[in-house]
Amino acid sequence: MATSANRQSDSSSRLIILGAGFAGLQLAKKLRNSGYHITLIDQYNYHQFQPLFYQVATARLEPSSISFPLRKIFQRSKNVRVRNTKVREVNTAEQKVVTEDGVFQYDVLVIATGCTTNFFGNKNLEQYAYPMKSTTEAITLRNRILLNFEDALNAAPDALEEIMNIVVVGGGPTGVELSGSLAELKKNILPRDYPDMDFSKLNVYLLEGSPNTLSAMSAASQHTSQTYLENMGVQVWVNAVVQDYDGHTVVLKDGRQIKTRNLIWAAGITGNVPAGISKEVLARGNRIKVDQCNRVVGMQNVYAIGDIAYMETPEWPNGHPQMANVAGKQATHLATNLQAIKNGNKTKQFRYKLPGTMATVGKRKAVVDLPFISFQGVVAWLFWMFLHLMLILNAKNKLIIFINWAISYFTNDTTLRLILMPTRKQVEMAKQHHSIEE
Ligand SMILES: Cc1cc2nc3c(=O)[nH]c(=O)nc-3n(C[C@H](O)[C@H](O)[C@H](O)COP(=O)(O)OP(=O)(O)OC[C@H]3O[C@@H](n4cnc5c(N)ncnc54)[C@H](O)[C@@H]3O)c2cc1C
């Protein structure tokens, strides 16, 4: 293994950030042109805007609209180096990070590796269900959905049922947004693309294990979003806990079964903890326990931010919600603290107030909970769109997304339904570069 360690000067200033998601990217941006020599390591060479994965999966947006090449972002930042490699291990005793492309030495380490899909140890689900936690998984899901209907054209009658059932598991914002989008695909787009097929036979199910979808939102938002979905034809099953899935039939704990070869798993996440981090600092959800300055408990120069960080505060006794806004705010706060440390000043504790939560179900249908008001419908939908456009990284992508949304608003259609499958050479190339997903 090459030891391509950071060859930069000024020890005490070598800062390694693991992960270029909402937290890691923001931290690197806030510290660009600071006294730190930053190495930003991610398994992908781009930042992913996860809240719009479902629009890639349902062929509404191109992946490039929600992915941002890291090297371009830091073209003009002399103190930020990007490394596109997978982290294998962290050795805190020797202050080094072992990656697939070499070993990097740090003075300060920030872990911002986020989360991955949690199948709760069920190997069948892991093998057969489709997760949506990366851009590549969203593209895989898009291919799956589009291929499904190509297959339906030639399917034998007894195979048709499992093709025509799409089951989304997990009634959080991701599951709600995805099943709403699938219902719109069924109503507006598929009948035009496949005029010979009978889409009354296509069923979209949303399964939620608890008594309500969007359980973290207000009762009004829960009720309205569920009504929206049901009016759009989605079969919402609450108290529906998935027990197993063999690629053909999903079996619930209460014995109910649905035949499907399209099971989308949006029912849980677990922390991407790098090997080498002691189990003693792990909390519920496989998150790393940190103090109120995001310092990993028991360590001096190792921090964790974003989804992976578990910080108990009087306001958040069970840790902060795993949301992009929290990740960004923790990163900004840590940047200020790291600057303070460098300048010999005191650090400050992180305080967080949730600005609100929201989810969109479909055209002119969304729900928004703000601290003092909750609203639904067209205004909520416009609010959701405006906010997401504001959060998109650059002006060009904002414009592309806006144009795509405007076209599909007026035409109820998109032009993005390409089935792009990898070639054997692409798979080999990815394997050589280690960046293939298992
Ligand atoms: C489908 C979906 C929809 C969502 N919608 C919303 C929403 O509407 N609003 C909201 O606030 N939040 C939403 N979230 C949650 C939000 O995306 C996360 O809270 C946020 O991404 C957390 O930021 P992070 O930087 O901690 O982790 P991430 O953004 O997940 O970034 C982690 C980074 O670490 C990298 N990484 C991980 N392991 C390794 C490794 N071993 N080696 C190298 N690199 C590694 C990953 O490639 C990734 O780039 C959604 C999430 C999903 C999946």
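Keep in mind that this is a model prediction, so the values were computed, not measured. (Residues numbered from 1 in each chain as written. Predicted model: local features only at pLDDT ≥ 70, side-chain atom pairs only at ≥ 80, totals over all residues. Heavy atoms only, no water.)

## A short note on the domain arrangement of the protein
Phase 1: For the protein, the domain assignment lists domain 1 (4-117 + 270-342) and domain 2 (123-267).
Phase 2: Contact residues are listed per partner, giving 19 residues for domain 1 and 19 residues for domain 2.
Phase 3: Put simply, domain 1 and domain 2 have two salt bridges between them.
Phase 4: The residue Glu62 makes a salt bridge to Arg142 at a minimum N-O spacing of 3.6 Å.
Phase 5: Where domain 1 meets domain 2, there are five residue pairs in polar contact (both at pLDDT 80 or more).
Phase 6: Every element with two or more residues in the side of domain 1 that touches domain 2 is listed here: strand 3 (46-48), helix 2 (53-57) and strand 10 (115-117).
Phase 7: Ranked by residue count, the leading element in the side of domain 1 that touches domain 2 is helix 2, at four residues.
Phase 8: Of the residues that constitute the side of domain 1 that touches domain 2, the class distribution is 11 nonpolar, six polar and two charged. (Domains from an automatic or database assignment. Contact = heavy atoms within 4.5 Å. Salt bridge = Lys/Arg side-chain N within 4 Å of Asp/Glu carboxyl O. Polar contact = N/O pair within 3.5 Å; in protein donor to acceptor, adjacent residues only side chain to side chain. Helix = DSSP H or I, 4+ residues; strand = E, 2+ residues; numbered from the N terminus. Nonpolar A, V, L, I, M, F, W, Y, C, P; charged D, E, K, R; others polar.)

## Here's the deal with the pairing of strand 15 (residues 242-245)
Phase 1: In this sheet, strand 16 (residues 249-252) lies alongside strand 15 in antiparallel orientation, the contact comprising three bridges. Bridge pairing in strand 16 places Val242 opposite Leu252. (Pairing = 2+ DSSP bridges.)

## Describing the nonpolar core
Phase 1: Membership of the largest hydrophobic core comes to 81 residues, with the highest contact counts inside it found for Leu27, Leu52 and Phe149.
Phase 2: Residue assignment places this core across two domains, with domain 1 (4-117 + 270-342) and domain 2 (123-267) each supplying three or more.
Phase 3: Here Leu52 is in contact with Leu61, Ile66, Trp384, His388, Ile392, Ile401 and Trp405, once residues within four sequence places are set aside.
Phase 4: Within the second largest apolar cluster, 24 residues are counted, among which are Val90, Val97, Ala304 and Met311. (Core = buried A, V, L, I, M, F, W, Y, C linked by side-chain atoms within 4.5 Å. Buried < 20%, exposed > 50% of the residue type's maximum accessible area, 1.4 Å probe, protein only.)

## A closer look at the sheet that holds strand 21 (residues 287-289)
Phase 1: If you trace the three strands from one edge of the open sheet to the other, you get 20-21-23, paired in mixed fashion. Either end of the sheet is taken by a strand with one partner, and the two such strands are strand 20 (282-283) and strand 23 (309-310).
Phase 2: The pairing of strand 20 with strand 21 spans two bridges and is antiparallel. Following the sheet pairing, Ala283 is matched in strand 21 by Arg287.

## Thoughts on the packing of helix 1 (residues 22-30) against helix 9 (residues 324-342)
Phase 1: With their axes 8 Å apart at the nearest point, helix 1 and helix 9 run at an angle of 35 degrees to one another. Remark: the crossing between helix 1 and helix 9 carries right-handed chirality. Counted together, Phe22, Ala23, Gln26, Leu27 and Lys30 of helix 1 and Ala324, Ala327, Gly328, Ala331, Thr332, Leu334, Ala335 and Leu338 of helix 9 form the full contact between these two elements.
Phase 2: Among the residues forming the contact of helix 1 with helix 9, the class breakdown is nine nonpolar, three polar and one charged. (Axes fitted to C-alpha atoms, helices over the stretch in contact; angles between N-to-C directions. Left-handed = near helix turned anticlockwise from the far one by under 90°.)

## Focus on the site of the ligand
Phase 1: Among the 27 residues in the neighbourhood of the ligand, the closest are listed as Ala23, Asp42, Gln50, Val87 and Asp307.
Phase 2: A distance of 2.9 Å separates an oxygen atom of the ligand from a polar side-chain atom of Gln43.
Phase 3: One nitrogen or oxygen atom from the main chain of Met323 is found 3.3 Å from an oxygen atom belonging to the ligand.
Phase 4: In the complex, the protein chains occlude 88% of the 990 Å² of accessible area that the ligand would expose alone.
Phase 5: Those elements that provide at least two residues to the shell around the ligand are helix 1 and helix 9.
Phase 6: In terms of residue count, the dominant contributor to the shell around the ligand is helix 9 (three residues).
Phase 7: Of the residues belonging to the shell around the ligand, the class tally is 11 nonpolar, 12 polar and four charged.
Phase 8: Inspection of the shell around the ligand shows a minimum of three residues originating in each of domain 1 (4-117 + 270-342) and domain 2 (123-267). (Near = heavy atom within 4 Å. Areas by Shrake-Rupley, 256 points an atom, 1.4 Å probe, with all protein chains shown as cover.)

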